[in-house]
Amino acid sequence: MDLAGPPGVRYHTARGRWVLLATVLGSSIAFIDATVVNIALPAIAEDLGAGAAGLQWTVNGYALSLAALILLGGSLGDRYGRRRVFTIGIAWFAAASLLCGLAPTIELLVAARVLQGIGGALLTPGALAILEASFAPEDRARAIGAWSGLGGIGGALGPFLGGWLVDVADWRLIFLINVPVAVLVLVVSARHVPESRNPDAVPGLDAAGVVLGAAGLGGLTYGFTAWPADGPGSTPVLAGLAVGVLGMAGFLLRERRARHPMLPLHLFRSRAFTGANLVTFLVYAANGGVFFLVVLNLQVVAGYSPLAGGVALLPITVLMLLLSARAGALGQRIGPRIPMTVGPLICAAALVWMSRIGPGAAYLTDVLPPVVVFGLGLSLLVAPLTATALGALDDAHAGIASGVNNAVARAAGLLAVAVLPLAAGIGAGDLTDAADLAPTYRSAMLIGAGLMVAGAALAVVFVPQRIRETSGSR
């Protein structure tokens, strides 16, 4: 990949630290807003009178536009300048966050969350690309490692801050606080981040692919979200699912025939790449249900405060920060198949355990142990999974491999939030009513465990013992 950037910023210089700060803060606000909103869902429901569908769309409005456009965001950065697209994304995200914080109705909040996701899709691919293009070659690994570690710390602090703001002030502040952070990122980027682009980027953008992919994801999400309240035979549900199926079919047909496809389908000739993305879809579908429903269940059913509910899953982040690098090294030494098989099985056991969290659950005895087990399973799984998705293709396809895997993970989480409550039997119930949520939560955790087991089975079938064994299929 031709980085077409400056000769190279050195990590130890003041400019290097400013570049790192801008990318860490920019990517962190997008990452945190994808999860911290779950803490505020009960407060949002009470303040805006939102039902189950409104809460699901508060999460999925962001996830939908982010998943549908994240590949486009990377392409725009390569073509028009990574700093330019990154800063446009930051400014867009800040404006949408302001709209979220001021939204007087659930409908306007959902619309603002969709706009937030567009900003996230513009800025998220740019953060790593800026680091790769800006730093001198000998400093890139160090810069990316620091970005990953600092971003993880930001992710760990997010639940503390979000829960505290909801507890002592107002849920709107979890969005409004993004605005001053975004202003700081814009100032630092303008003064210190060098511009770069890829002169070999494809000359055209796959606009038809973007539209069809977004229509497919949006239609399926709408149809499954509306199903509990409207019924499977209702016009909105049937129309949404029809648009979704036709959109996804059209997307695949377009990507097969396009001269410059957003998603080159020939990449899936690699058995390891296909397997890694199938495992990613199942695992992150289960994760989407966990991070959406566990925090909600702790507040609505178990009676936890927003702060206590928000930090309950913090051990997962801490364990991944501490163990992911070691798991990556283990996967490199023994091959990815074993970690990608054992990790989901550990997560499945943890989800069965988590399904028992109910009224009066004590954190130290009922919540913390399965959360720790789940964190251990994810820590063992995620680094080898990511390495397989990237390493299954040659270096020339590293960028698109990363983008595809990221998009698959986000689409899986998006569909999980729409489908899991339906599959778990919420019916016309209310996700903020303990009597309705408790049985739905238990069933959803067991379904998530099944998804994890299926992911482990696919890893056995598709993932090679050594990635280098796939070289002939690239």
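Our structure is the block above this text.
Keep in mind that this is a model prediction, so the values were computed, not measured.

**A short note on the overall build of the protein chain**
Right, so step 1: Helices and strands together make up the secondary structure of the protein chain, namely 17 helices and zero strands.
Right, so step 2: In terms of C-alpha radius of gyration, the protein chain reaches 21 Å, essentially the compact-globule figure of 23 Å for 474 residues.
Right, so step 3: Seen along its three principal axes, the alpha-carbon backbone of the protein chain occupies a region of about 60 × 50 × 45 Å.
Right, so step 4: Taking all 474 residues of the protein chain together, the buried fraction comes to 54%.
Right, so step 5: When contacts within the protein chain are restricted to residue pairs at least 6 apart in sequence, those whose partners lie at least 24 apart make up 83%.
Right, so step 6: Of the accessible surface of the protein chain, which amounts to about 18,900 Å², a share of 67% is contributed by carbon and sulfur atoms.
Right, so step 7: Looking at the protein chain, you have 28 positive and 23 negative side-chain charges, and the mean spots of the two groups are 12 Å apart.

**Brief notes about the packing of helix H2 (residues 37–48) against helix H3 (residues 52–80)**
Right, so step 1: Running from N to C, H2 and H3 point in directions that differ by 145°, and their axes come no closer than 10 Å. Judged by the twist between their axes, the crossing of H2 over H3 is right-handed. Here H2 contributes Val37, Asn38, Leu41, Ile44 and Ala45 to the contact with H3, which in turn contributes Leu55, Thr58 and Val59.
Right, so step 2: A breakdown of the residues in the contact of H2 with H3 according to their chemical character gives six nonpolar, two polar and no charged.

**Let's talk about the environment of Ala457**
Right, so step 1: With respect to the helices and strands, the residue Ala457 is situated in helix H17 (residues 434–462).
Right, so step 2: With 144 residues separating them along the chain, Ala457 and Leu313 place their C-alpha atoms 26 Å apart.

**Let's talk about the nonpolar core**
Right, so step 1: Counting residues in each nonpolar core, the largest one holds 126 residues, and the members touching the most others are Ile44, Leu109, Leu351, Met354, Phe374 and Met445.
Right, so step 2: Sort the elements by how many residues they give to this core and H3 lands first, with 15 residues.
Right, so step 3: When residues no more than four places from it in sequence are discounted, the contact partners of Met354 are Val290, Val294, Pro370, Val371, Phe374, Tyr441 and Met445.
Right, so step 4: In this structure, Leu220, Ala226, Val237 and Leu241 belong to the second largest nonpolar core, which totals five residues.

**Remarks on the packing of helix H11 (residues 271–300) against helix H15 (residues 363–391)**
Right, so step 1: At their nearest, the axes of H11 and H15 sit 11 Å apart, and the two run at 155° to each other. By the criterion of interaxial angle, the relationship of H11 to H15 is roughly antiparallel. Like other packed secondary-structure pairs, H11 and H15 cross with a definite hand, here left-handed. Taking contact as the criterion, the partners of Ala272, Phe273, Ala276, Val279, Thr280, Val283, Tyr284, Asn287, Val290 and Leu298 in H11 are, on H15, Val367, Phe374, Leu378, Leu381, Val382, Leu385, Thr388 and Ala389.
Right, so step 2: Its residues placed into classes, the contact of H11 with H15 shows 15 nonpolar, three polar and no charged.

What counts, and at which threshold
Residues numbered from 1 in each chain as written. Predicted model: local features only at pLDDT ≥ 70, side-chain atom pairs only at ≥ 80, totals over all residues. Heavy atoms only, no water. Helix = DSSP H or I, 4+ residues; strand = E, 2+ residues; numbered from the N terminus. Rg over C-alpha atoms; globule rule 2.2 N^0.38 Å. Buried < 20%, exposed > 50% of the residue type's maximum accessible area, 1.4 Å probe, protein only. Contact = heavy atoms within 4.5 Å. Areas by Shrake-Rupley, 256 points an atom, 1.4 Å probe, with all protein chains shown as cover. Lys, Arg positive; Asp, Glu negative; His and termini not counted. Charge placed at Lys NZ, Arg CZ, Asp CG, Glu CD. Axes fitted to C-alpha atoms, helices over the stretch in contact; angles between N-to-C directions. Left-handed = near helix turned anticlockwise from the far one by under 90°. Nonpolar A, V, L, I, M, F, W, Y, C, P; charged D, E, K, R; others polar. Core = buried A, V, L, I, M, F, W, Y, C linked by side-chain atoms within 4.5 Å. Parallel < 35°, antiparallel > 145°, perpendicular 65-115°, else oblique.

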